[in-house]
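Summary of the model geometry
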Amino acid sequence: MKRNHTMMQFFEWNVEADGSHWKKLTRLAPELKAKGIDAIWIPPVTKGQSPEDTGYGVYDLYDLGEFDQKGAVRTKYGTREDLLEAVAACVRHGVAVYVDLVMNHKAGADETEVFKVVEVNPDNRNEVISEPFDIEGWTKFTFPGRQGQYSTFQWNFEHFNGTDYDASQDRTGIYRILGKNKSWSENVDDEFGNYDYLMFANIDYNHQDVRKEMIRWGKWLVDTLQCNGFRLDAIKHINHEFVREFATEMIKKRGQDFYMVGEFWKPDLESCQKFLDTIDYKIDLFDVSLHYKLHSASLGGKDFDLSTIFEDTLVHTHPLNSVTFVDNHDSQPHEALESWVEDWFKPSAYALILLRKDGYPCVFYGDYYGIQGQTPVKGKQAELDPLLYARYHKAYGEQKDYFDDPHTIGWVRQGVPELEGSGCAVVITNANDGEKRMFVGKQRAGEEWMDLTGHHDHTVKIEQDGYGIFPVRAGSVSVWALPAEEDSQETEEEEEEEEEEEANA
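Figured I'd write up the structure that's included with this text.

**With respect to the overall build of the protein chain**
On a plain count of helices and strands, the protein chain comes out with 11 helices and 27 strands. Viewed in the frame of its principal axes, the protein chain has a C-alpha envelope of about 80 × 50 × 40 Å. Relative to its full complement of 505 residues, the protein chain shows a buried share of 58%. Across the protein chain, contacts joining residues at least 24 apart in sequence account for 70% of those joining residues at least 6 apart. Roughly 20,300 Å² of accessible area belongs to the protein chain as shown, and the carbon and sulfur atoms make up 46% of that amount. Side-chain charges of the protein chain comprise 52 positive and 92 negative groups, with the mean position of each set lying 2 Å from the other.

**A closer look at the environment of Gln273**
Along the chain, Gln273 falls in helix α5 (residues 269-278). The exposure class assigned to Gln273 is partly exposed, which follows from its relative accessible area of 21%. Along the sequence, Gln273 and Gln414 sit 141 residues apart, while their C-alpha atoms lie 31 Å from each other. Setting aside chain neighbours within four positions, we find Gln273 in contact with Tyr281, Thr317 and His318.

**Quick notes on the packing of helix α8 (residues 346-354) against helix α10 (residues 381-393)**
Contact geometry for α8 and α10: axes closest at 10 Å, N-to-C directions at 15°. Classified by the angle their axes make, α8 and α10 are roughly parallel. Here α8 runs over α10; the crossing is right-handed. From α8, Pro347, Tyr350, Ala351, Ile353 and Leu354 reach across to α10, where they touch Glu383, Leu384, Leu387, Leu388 and Arg391. Taken together, the residues of the contact of α8 with α10 sort by class into 8 nonpolar, no polar and 2 charged.

**Details of the sheet that holds strand β5 (residues 96-101)**
Reading around the circumference, β1-β2-β5-β13-β14-β15-β16-β17 is the order of the 8 strands in this closed barrel, with parallel pairing throughout. On average, each strand axis in the sheet is inclined to that of its neighbour by 25°, with strand direction left out of account.

**Quick word on the pattern of salt bridges**
Following the criterion strictly, the structure yields 29 salt bridges and no others. Residues Lys436 and Asp404 are paired through a salt bridge, measuring 2.8 Å at the closest nitrogen-oxygen approach. Linking Lys436 in strand β23 (residues 434-439) with Asp404 in the loop between β20 (399-402) and β21 (408-413), this pair joins segments that are 32 residues apart in sequence. Classification of Lys436 as buried rests on a relative accessible area of 8%. For Asp404, a relative accessible area of 58% gives the class exposed. Here Asp465 makes a salt bridge to Arg437, at a shortest N to O gap of 2.9 Å. In this pair, Asp465 sits in the loop between β25 (460-461) and β26 (467-472) while Arg437 sits in strand β23, placing the two residues 28 residues apart along the sequence. Relative accessible area serves as the criterion here: at 31%, Asp465 is assigned to the partly exposed category. Arg437 sits in the partly exposed class, given a relative accessible area of 43%. It is possible to trace a salt-bridge network through shared partners that takes in Asp100, Arg231, Asp233 and Glu263.

**Quick word on helix α1 (residues 21-34)**
End to end, α1 covers 20 Å across 14 residues, agreeing with the expected 20 Å (1.5 Å per residue, within 8%). By the largest-angle criterion, Leu28 marks the main kink of α1, which is about 50°, and a proline, Pro30, follows within four residues. For α1, the set of buried residues is His21, Trp22, Leu25, Thr26, Leu28, Ala29, Leu32 and Lys33. A positive phi of about 95° marks Gly36, the residue just after α1.

**Examining helix α4 (residues 240-254)**
The end-to-end C-alpha separation of α4 is 21 Å, in line with the 21 Å expected for 15 residues at 1.5 Å each. Taken residue by residue, α4 has His240, Phe242, Val243, Phe246, Ala247, Glu249, Met250 and Ile251 as its buried positions. Residues of α4 that are buried in the fold lie against β5, α3 (208-225), β13 (229-232), β14 (259-262) and α5. Among the residues of α4, the N-terminal cap falls to Asn239, whose side-chain oxygen and the backbone nitrogen of Glu241 are separated by 2.9 Å. Looking one or two places after α4, you find Gly255, whose phi comes out positive at around 100°.

**A word on the pairing of strand β24 (residues 448-451)**
With burial as the criterion, only one face of β24 is covered, namely that bearing Trp449 and Asp451; the residues Glu448 and Met450 on the opposite face remain uncovered. As defined by bridge partners, β24 adjoins β25 across 2 bridges and the pair is classed as antiparallel. Across the sheet, residue Trp449 finds its bridge partner in β25, namely Val460. Judged from the 2 bridges that link them, β24 and strand β27 (residues 477-481) form a sheet pairing that is antiparallel. Residue pairing in the sheet places Met450 in a bridge with Ala481 of β27.

**Observations regarding the pairing of strand β10 (residues 160-166)**
In the case of a regular strand, side chains alternate between the two sheet surfaces. Counting buried positions along β10 yields 5 of 7 residues, so the element is predominantly enclosed. With 2 bridges connecting them, β10 and strand β12 (residues 201-203) associate as antiparallel partners. Bridge pairing in β12 links Gly162 to Asn202. Bridge count between β10 and strand β11 (residues 171-177): 4 bridges; the pairing is antiparallel. Note that in β11 the partner of Tyr165 across the bridge is Thr172.

How each quantity is defined
Residues numbered from 1 in each chain as written. Predicted model: local features only at pLDDT ≥ 70, side-chain atom pairs only at ≥ 80, totals over all residues. Heavy atoms only, no water. Helix = DSSP H or I, 4+ residues; strand = E, 2+ residues; numbered from the N terminus. Buried < 20%, exposed > 50% of the residue type's maximum accessible area, 1.4 Å probe, protein only. Contact = heavy atoms within 4.5 Å. Areas by Shrake-Rupley, 256 points an atom, 1.4 Å probe, with all protein chains shown as cover. Lys, Arg positive; Asp, Glu negative; His and termini not counted. Charge placed at Lys NZ, Arg CZ, Asp CG, Glu CD. Axes fitted to C-alpha atoms, helices over the stretch in contact; angles between N-to-C directions. Parallel < 35°, antiparallel > 145°, perpendicular 65-115°, else oblique. Left-handed = near helix turned anticlockwise from the far one by under 90°. Nonpolar A, V, L, I, M, F, W, Y, C, P; charged D, E, K, R; others polar. Pairing = 2+ DSSP bridges. Salt bridge = Lys/Arg side-chain N within 4 Å of Asp/Glu carboxyl O. Expected span 1.5 Å × (residues − 1). Bend = angle between axes of the 7 residues up to and from the residue. Polar contact = N/O pair within 3.5 Å; in protein donor to acceptor, adjacent residues only side chain to side chain.

Here's what the structure looks like:
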């Protein structure tokens, strides 16, 4: 039978910039697959403006760590050969690979140019606050290290509609570039009046040559890496019509199974729904609204009403288009969108995304393996492994919710006949020790269920009427299910067949 799918974001902001990350993925691919993680979202694979750049300060889209540019041949994560080997290892073990695409801007230009701009109000980019004037901007990209290999396209100021630095005056601001048919795109988020401009040299998707080149690059990347999907960065700043066109072209190129998820960072549900309508549901979205609910719950403690945790979330309104997550590289401490879910609530938050029927859950590398940098955070592998185990072996079948208390909530997954030992009962509390009496099925009568999280060392015996009373420790989560030895184990042949099918897909 088809098992639950789980994604991992395989990086955090402070991963060592020593070029070893792709090799680490090659090494860990079989271990991750064994834990039920069958898709990996990898960081941007393209050359950034320095060997330390995370990839979001993108310089050359065609340099995957192959050319001596911007201080090194490799990227922060390794060489092109390392990358290809890592993708091949993942595919070999039945793990899909989704590549992070940064298509909003370019950084680290090779030369400056002089061109006309107007300065706009940063708080309302539709408001012009200067007469037209000349600036010297870093907008010319000639890629001398690559010398036209893979693409002869060179970028200049005509391919951008905004920048933030005037080299002639050593002055920063938000400068809209002037020219024929030049303006901010109308099909973007309306924060700050118009949120087309985010950073660096802003790509102009009203320019037909730009659209053609970016679609050509997307197809080249798919062919080069043989990846299974894309994660699209910062799409609220990119012409939504182009996002739809790009997604359509990639699906046409690779087939309906080519997966795409977008970062549309808005907790406002209506905006997310409108965006999904605009792009004809070609891609999924990260559930930012749920992330902020989990963050609020972690800060609020017992003052947060847990029974409302899924209200006004994308996974509630659009379960088939929602990628659920607890934290990521932007929400981690000291980063741009810092909204870190507190440690005490983290296992409960992961239970809420991993053990329910709706949403496509994404586990954050920083939560699993830890975060480096100025404020290191220890990994929570020991707490998350039981939840991954429960997702892979237990969390199947009909779901019944017991969201009838502000402090203690629970749900049951009834299990499915084709997966022996499946089914579980999950209880979460943000207050004192609690318990939930929940129905797991009359056919379960007499079974002894254990707490997979290890918070309780006794078992719960299912009553004759199919109910059990499932306890939970203060401020934690418990996952009750049949002991591991009663799980249905696939044979090696079945696993190999399944992996071969996934690889072929």
